[in-house]
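The residues making up each chain are set out below.
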Amino acid sequence: MDGFFDRVLHVGSPNIGNKEKFLRLVDGIFERNWLTNRGPLVEQFEVRLGDYLGVKHCITMCNATVALGLVAKALDLRGEVIIPSLTFIATAHALQMQGIKPVFADIDRNTYNLDPAAVERMITPKTTGIIGVHLYSRPCDIEGLRAVADNYGLKLMFDAAHAFGCSYKGQMIGSFGECEVFSFHATKFFNTFEGGAIATNNDDLAEKIRLMQNFGFNGLDSVIYIGTNGKMSEISAAMGLVNFDSLDDFVSINKRNYEAYKAGLADIRGLSLIEFDESERCNLQYVVVEVDDGYPLGRDQLVEQLRSKNVLARKYFWPGCHRMEPYRTLQPNASDVLPVTEDVSARLVVLPTGTTIDETVIHRVLEVFYG
Ligand code: T4K
């Protein structure tokens, strides 16, 4: 089986729509000589995003990490904010960079998302907010988190980096909590090279975010907030507009790939593919397998086997933010309250999907699992 794949199969291989249309849009950018700072493509893209998500405001951003930090500031989050540890490090860093302590709460064993009861246990007088992460496209227990937030007077927002195009109880992710933050990074199923967006139905918050993403300017010579440079460029918006036209195709391909993995893994003892609620919309951008004790290889051995065949499987998001710096040093006892996070993160393998692979490739990837 050596030399199995002659190219590396990546988890985050970008999906790219119609290149000719993209190049035409790029020509227009050069003709107008307008590259960034709310150009016409960014404005068009925001309208399309808002319509698609059914949300009043959708503000494009340079990336989701800056967006998370900006929103934390705009919502006046301070002291401590509760988040999961099983997430990309950006969720924690966006807070820590603002001098806010990310407090890690444990997750639900079945959904891998924040467990509202665990969140409640982590609340202290310093807590000001909760950031739920819709991990691997599966929505958080939004109602459960809402109840906790309301009971304690906390702000609730969501890191929806994985959940563009997904729904919760029939409503698109994007309009829950104070706001939701999407990532359109190259490795996401829908990308704008780098990029992201903040979606909200709150008019005041939207206005504030718009100013804060442009240094806080509210006119040529006037600044009214502390702000940053969080703007999306025209070239990214062009990519977004083009990829939008292929959005349904990207989802269908992910679905086809997911079904191929599901059929192939069904009979292998000790491996389970994460499942999605068929009644909801889902982008299926991560194919995540949990390795149980019944499988002959440990998770790390399996990943090594895959990598030896050029399948660059990932261990997202092992070992959890709490075991990475600076949190490992600042919060040395965090793991005491994260038994589910610790167990789950040591078992997950994320496999390649998206438009650059197909069922034939997946059948060969599956051969590695059969041993
Ligand atoms: N919140 C959550 C829950 C997130 O998952 C993320 C990002 C964020 C917030 C922050 O969003 P952004 O600020 O990035 O908008 C990658 C992505 O860089 C990151 O966006 C993503 N989550 C995370 C899950 O994955 P790395 O460090 O694993 O990336 P890297 O360079 O190892 O690339 C992943 C795979 O994709 C590799 O096998 C190579 C392949 N790849 C990558 C790029 C960039 C390609 O084939 N082509 C490419 O153009 O973080």
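Notes on the structure follow. (Residues numbered from 1 in each chain as written. Predicted model: local features only at pLDDT ≥ 70, side-chain atom pairs only at ≥ 80, totals over all residues. Heavy atoms only, no water.)

**Here's the deal with the sheet that holds strand E16 (residues 348–351)**
One open sheet accounts for 3 strands, arranged E13-E14-E16; its pairing is antiparallel. The strands lining the two open edges of the sheet, one partner per strand, are strand E13 (271–273) and E16. The sheet shows a mean angle of 30 degrees between the axes of neighbouring strands, taken without regard to direction. Lying on the sheet, helix H10 (residues 299–308) is in contact with E13, strand E14 (287–291) and E16; it crosses E16 at an angle near 20 degrees. (Pairing = 2+ DSSP bridges. Helix = DSSP H or I, 4+ residues; strand = E, 2+ residues; numbered from the N terminus. Axes fitted to C-alpha atoms, helices over the stretch in contact; angles between N-to-C directions. Contact = heavy atoms within 4.5 Å.)

**Structural notes on the nonpolar core**
Counting residues in each nonpolar core, the largest one holds 97 residues, and the members touching the most others are Phe164, Tyr261, Leu306 and Phe369. Within the second largest apolar cluster, 32 residues are counted, among which are Ala94, Leu95, Ala206 and Tyr327. (Core = buried A, V, L, I, M, F, W, Y, C linked by side-chain atoms within 4.5 Å. Buried < 20%, exposed > 50% of the residue type's maximum accessible area, 1.4 Å probe, protein only.)

**So, the pattern of salt bridges**
All chains considered together, the criterion is met by 20 salt bridges. Residue Glu278 is joined to Lys255 by a salt bridge in which the shortest nitrogen-to-oxygen separation is 3.6 Å. With Glu278 in the loop between E13 and E14 and Lys255 in helix H9 (residues 247–265), this residue pair connects regions lying 23 residues apart in the sequence. What makes Lys255 partly exposed here is its relative accessible area of 32%. Taking the shortest distance from any N to any O, the salt bridge between Glu325 and Arg328 comes out at 3.2 Å. Look at Glu325 and you get partly exposed, because its relative accessible area is 38%. Among the charged side chains, a network of salt bridges with common partners joins Arg109, Glu290, Asp293, Asp343 and Arg347. (Salt bridge = Lys/Arg side-chain N within 4 Å of Asp/Glu carboxyl O.)

**Concerning helix H4 (residues 89–96)**
H4 sits mainly inside the fold: 6 of its 8 residues count as buried. Looking only at H4, the buried set comprises Ile89, Ala90, Thr91, Ala92, Ala94 and Leu95.

**Comments concerning the sheet that holds strand E2 (residues 57–61)**
In spatial order, the strands read E2-E10-E9-E6-E5-E3-E4; together these 7 strands make up an open sheet with mixed pairing. Both outer strands of the open sheet, E2 and strand E4 (101–105), are each paired with one neighbouring strand and no more. The mean angle between the axes of side-by-side strands here comes to 25 degrees, regardless of whether they run parallel or antiparallel. Where E2 meets strand E10 (residues 196–200), 5 bridges bridge the pair, whose relative direction is antiparallel.

**A look at the site of the ligand**
Surrounding the ligand, one finds 26 residues, the nearest of these being His10, Thr65, Asp159, His162 and Tyr316. Within the contact set of the ligand, an oxygen atom lies 2.7 Å away from a side-chain nitrogen or oxygen of His10. The side chain of Lys188 places a nitrogen or oxygen atom 2.8 Å from a nitrogen atom of the ligand. Out of a free accessible area of 920 Å², the ligand has 76% covered by protein chains. Broken down by secondary-structure element, the contributors of at least two residues to the shell around the ligand are helix H3 (64–74) and H4. Taken together, the residues of the shell around the ligand sort by class into 11 nonpolar, 12 polar and 3 charged. (Near = heavy atom within 4 Å. Polar contact = N/O pair within 3.5 Å; in protein donor to acceptor, adjacent residues only side chain to side chain. Areas by Shrake-Rupley, 256 points an atom, 1.4 Å probe, with all protein chains shown as cover. Nonpolar A, V, L, I, M, F, W, Y, C, P; charged D, E, K, R; others polar.)

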